[in-house]
Each structure stands twice: as structure tokens, then as C-alpha cells.
Amino acid sequence: MQQPQPGGFGQAPPYGGQPPYGGQPPYGGQPPYGGQAPPYAGQAPPYGGQAPYDGQGGAVMAPPQPPPGCPPGLQYLAMIDQLVVKQKVELLEAFSGFETNNKYKIFNSLGQMVYTSKEDTDCCTRQMCGPSRPFDMVVSDNQGMEVIHLNRPLRCQACCCPCCLQEMEVSSPPGTVIGTIEQQWTLIYPQFVIKDEGGNPVLKIEGPLCPISCCGDVDFKVISVQTGTEVGLITKQWSGFAKEAFTDADNFGISFPLDLDVKVKATLLGALFLIDFMFFEQKQNNNHDN
């Protein structure tokens with residue numbers, strides 16, 4: 001008896017490792033998903049992102065397509081309303097007091113890493129100026145592309161000097177300013193104003209009377225300039241006695257409205273780093289001085 005053909009139209013079946021349609025894949029001879037291999041066996045996911053791990057066992061977030069008018073790399077921020085920022089513990093700094101470049105990992109609420117950030121300063125500036133130092137900070141996506149650039153100039157940090165207050169400039173892509181953070185002069189509660197790319201105030205940040213992390217979280221309220229209502233929060237999270245006492249590696253959480261402009265979200269992220277340097281970097285330096 002004549003054996004049946006192995007598949008329709010004289011071709012091998014689609015599960016035997018051979019493509020149908022005359023030996024060529026569909027879609028003009030190219031595999032689907034933009035030429036990428038399917039998201040199995042450790043290959044890249046179908047939408048142009050990396051495999052969902054960072055090479056160190058941590059999950060990363062695959063990049064979505066950017067909406068119109070969104071700076072490259074900020075499309076992550078369009079889909080989320082909160083972030084978690086974790087500073088890397090530097091053993092050299094913890095044991096010797098030698099100030100090193102601050103490094104951070106930035107996660108979404110699912111624990112997926114969406115950005116990394118690293119301070120860019122020279123050794124002399126870090127040792128001489130301490131937490132008041134001017135710095136540039138590079139925020140990169142999971143592909144290593146710089147998506148946000150932060151610049152903090154040298155300013156006086158004492159509240160008795162209203163003429164030279166803290167500020168930070170936020171750029172995305174680097175060289176294109178999308179917002180600024182400016183400290184407001186107050187004698188009691190620390191305050192900042194968030195301005196958009198046109199220099200217009202959008203949000204205010206109000207800190208507590210005593211911004212010291214002592215066995216609990218420290219909250220900085222994010223308030224809408226237009227309505228005067230609280231719309232978000234920047235929280236310095238308590239990390240435990242050992243970490244708080246012997247390192248200046250801090251954990252932060254930040255929340256904001258989901259529909260907030262991604263450029264303003266990026267500027268709020270810059271405000272988080274400025275707050276960290278102003279209020280929570282000093283304690284470890286004081287410990288080593290004592």
C-alpha cells in the first residue's frame with residue numbers, strides 16, 4: 001500500500017522542524033517579531049527587548065514601544081505609577097569611609113529592573129565636598145543606553161543662605177533639558193519645586209520637620225501646584241539597623257499619577273537622588289568622623 005505523504009502539499013509537517021510554504025517562512029522570508037528568535041530557550045523577547053534576566057538572576061523589564069513625543073528610553077515610565085530605588089552597598093566605603101561613586105538600581109512594583117544609575121564625579125570632589133558635592137549622574141536602560149542625565153551644580157546646603165540653594169537639571173536625551181528641581185528657602189520644612197521644560201512650576205515636594213530615618217520611613221509629599229492636593233510620595237525606606245548605622249546605602253520608593261507626563265516623572269526621579277544626597281548621605285560620613 002502506498003505510504004501517505006509526510007505533510008500537506010508534499011511538504012514536511014510544521015512540527016518536524018521544517019517551515020511550510022515551500023520551505024520558506026512567511027512574512028517575506030523573515031521570521032516574525034522583527035527578525036528576533038522566539039522568546040524561548042534563553043532568547044530575546046519578541047518586542048526588541050532583552051531576555052527577562054540581567055545575567056545576575058534578577059528580572060528586567062522588556063522595553064515597550066515609545067508613545068509619540070516621548071524621549072527615547074522613557075517609555076517605561078508611561079506605564080507605571082511607582083518605582084523602587086535601591087542603592088548599592090559599597091564595602092570599601094562601609095569599612096574605610098572612603099567616599100565612592102553612588103550606584104543605584106531602579107525597579108518597578110513587580111521587582112523588574114528598568115534602569116540603573118551611576119554617579120560621575122572625580123575622587124577629589126567626593127572626598128573634599130562629601131554629600132554637598134556637585135555631580136553628574138547617568139541613568140541607563142537595560143541595554144546600557146543613557147536615557148536620563150542629571151546635573152547638580154555646587155551650591156550651599158545651609159538653610160541660612162537663601163541666595164545659593166540646591167538645584168538639579170534633568171535632561172533626556174542628554175543635552176535636552178526636560179525639567180529642573182529647585183530648593184525653596186524655608187526655616188522649618190524642606191521644600192522643593194519641580195519645573196517642566198518651559199520653566200513652569202508643576203509640582204511641589206514638602207519634607208518632614210526632621211528628615212531623619214530613625215527606625216521608620218521618612219516621607220516627602222508630592223503636591224500638585226495647580227490643585228494643592230497630594231498626588232505622590234517619595235519615601236526613604238527604613239533598611240534595618242545594621243545597614244542604616246554602618247552604610248549610607250539607602251532604599252527609596254516613589255509614587256506618582258499614572259497619567260503624569262513622563263518628563264515630569266523623570267524629573268521626580270532626579271528629585272529623589274537630590275533628596276538622598278542632601279539628607280541621607282551625611283550620616284555615614286559623620287559616623288566615620290566620630
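The present account deals with the structure reproduced in this document. All of these numbers come straight from a predicted model, not from anything done at the bench.

1. Structural notes on the overall build of the protein chain
Then, in step 1: Tallying secondary structure elements over the protein chain gives 5 helices and 12 strands in all.
Then, in step 2: Buried positions account for 39% of the 290 residues belonging to the protein chain.
Then, in step 3: The long-range fraction of contacts in the protein chain, counting pairs at least 24 apart against all pairs at least 6 apart in sequence, stands at 43%.
Then, in step 4: Only carbon and sulfur atoms are counted for the fraction: they give 57% of the accessible area of the protein chain, which is about 15,300 Å².

2. Points about helix H4 (residues 262–280)
Then, in step 1: With 19 residues, H4 should reach 27 Å at 1.5 Å per residue; the first-to-last C-alpha distance of 26 Å fits that figure.
Then, in step 2: Most of H4 sits out of view: 18 of its 19 residues are buried.
Then, in step 3: Between the side-chain oxygen of the N-cap and the backbone nitrogen of Lys263 there are 2.9 Å, and the N-cap of H4 in question is Asp261.

3. Quick notes on the packing of aromatic side chains
Then, in step 1: Considering all chains together, one arrives at 7 aromatic pairs under this definition.
Then, in step 2: Where Phe279 meets Phe280, the ring centres are 6.4 Å apart and the plane angle is 65 degrees; that geometry is what we call edge-to-face.
Then, in step 3: Following the ring pairs from residue to residue traces out a cluster consisting of Phe220, Phe252, Phe279 and Phe280.
Then, in step 4: Taking NZ or CZ as reference, Lys86 lies 5.5 Å from the ring centre of Phe107, over its face.

4. Concerning the environment of Asn151
Then, in step 1: Position of Asn151 among the secondary structure elements: in strand E5 (residues 146–152).
Then, in step 2: Put simply, Asn151 and Glu167 are 16 residues apart on the chain and 8.7 Å apart in space, counted from C-alpha to C-alpha.
Then, in step 3: Residues in contact with Asn151, not counting those within four places in the same chain, are Phe135, Asp136, Glu167, Met168 and Glu169.
Then, in step 4: At a separation of 3.0 Å, a polar atom in the side chain of Asn151 contacts the side chain of Asp136.

5. Re the sheet that holds strand E9 (residues 201–206)
Sheets are built from strands that pair by backbone hydrogen bonding, the pairs being arranged parallel or antiparallel.
Then, in step 1: Sheet architecture is closed into a barrel: 12 strands sit in the order E1-E2-E3-E4-E5-E6-E7-E8-E9-E10-E11-E12, paired in antiparallel fashion. Sheet twist, expressed as the mean angle between neighbouring strand axes with direction ignored, is 20 degrees.
Then, in step 2: For strand E3 (residues 113–120) and strand E4 (residues 135–140), the ladder comprises 5 bridges, and the chain directions are antiparallel. Bridge pairing links Thr116 to Ser140 in E4.
Then, in step 3: H4 rests against strand E1 (82–87), strand E2 (103–107), E3, E4, E5, strand E6 (167–171), strand E7 (177–184), strand E8 (191–196), E9, strand E10 (218–224), strand E11 (230–237) and strand E12 (251–255) of the sheet, and its axis sits at about 35 degrees to E7.

6. Topic: the pattern of salt bridges
Then, in step 1: One pass over the structure, following the stated rule, counts 3 salt bridges.
Then, in step 2: Across the pair Glu197 and Lys263 runs a salt bridge, and its minimum N-O distance is 3.2 Å. Within this pair, whereas Glu197 is found in the loop between E8 and E9, its partner Lys263 is found in helix H4, the two being separated by 66 residues in sequence.
Then, in step 3: Judged by relative accessible area, Glu197 falls into the partly exposed class, the value being 47%.

7. So, the pairing of E9
Then, in step 1: Inspection of the sheet shows E8 paired to E9 by 5 bridges, in the antiparallel sense. Note that in E9 the partner of Lys195 across the bridge is Pro201.
Then, in step 2: Hairpin connection between E8 and E9: a loop of 4 residues separates the two successive antiparallel strands, and Gly199 in this loop has a positive phi of roughly 85 degrees.
Then, in step 3: Sheet topology note: the E9/E10 ladder contains 4 bridges and is antiparallel. Within E10, the position partnered with Ile205 by the bridge is Val222.

8. Some thoughts on a nonpolar patch on the surface
Then, in step 1: Taken together, the side chains of Trp185, Leu187, Ile188, Tyr189 and Leu209 make up a nonpolar region of the molecular surface, amounting to roughly 580 Å² of accessible area.
Then, in step 2: Relative to the assigned elements, Leu187 resides in the loop between E7 and E8.

9. Thoughts on the pairing of E11
Then, in step 1: With 6 bridges joining them, E10 and E11 adopt antiparallel strand pairing. Across the sheet, residue Val222 finds its bridge partner in E11, namely Gly232.
Then, in step 2: Connecting the antiparallel pair E10 and E11 is a turn made up of 5 residues, with Gly228 showing a positive phi of about 80 degrees.
Then, in step 3: Alignment of E11 against E12, held across 5 bridges, turns out to be antiparallel. Following the sheet pairing, Lys236 is matched in E12 by Phe252.

10. With respect to the side chain of Asp141
Then, in step 1: Residue placement: Asp141 occurs in the loop between E4 and E5.
Then, in step 2: Despite its burial, Asp141 pairs with no opposite charge; the closest candidate is Lys105, at 14 Å N-O.
Then, in step 3: Polar side-chain contacts of Asp141 include one of 3.0 Å to the backbone nitrogen of Gln143.
Then, in step 4: There is a polar contact of 2.9 Å between the side chain of Asp141 and the backbone nitrogen of Met145.

Cut-offs used in this document
- Residues numbered from 1 in each chain as written.
- Predicted model: local features only at pLDDT ≥ 70, side-chain atom pairs only at ≥ 80, totals over all residues.
- Heavy atoms only, no water.
- Helix = DSSP H or I, 4+ residues; strand = E, 2+ residues; numbered from the N terminus.
- Buried < 20%, exposed > 50% of the residue type's maximum accessible area, 1.4 Å probe, protein only.
- Contact = heavy atoms within 4.5 Å.
- Areas by Shrake-Rupley, 256 points an atom, 1.4 Å probe, with all protein chains shown as cover.
- Expected span 1.5 Å × (residues − 1).
- Polar contact = N/O pair within 3.5 Å; in protein donor to acceptor, adjacent residues only side chain to side chain.
- Phe/Tyr/Trp six-rings, centres within 6.5 Å; stacked < 30°, edge-to-face > 60°.
- Lys NZ or Arg CZ within 6 Å of the ring centre and 35° of its normal.
- Pairing = 2+ DSSP bridges.
- Axes fitted to C-alpha atoms, helices over the stretch in contact; angles between N-to-C directions.
- Salt bridge = Lys/Arg side-chain N within 4 Å of Asp/Glu carboxyl O.
- Patch = residues over 30% accessible without salt bridge, like charges linked within 9 Å, V, L, I, M, F, W, Y side chains within 5 Å.
- Lys, Arg positive; Asp, Glu negative; His and termini not counted.

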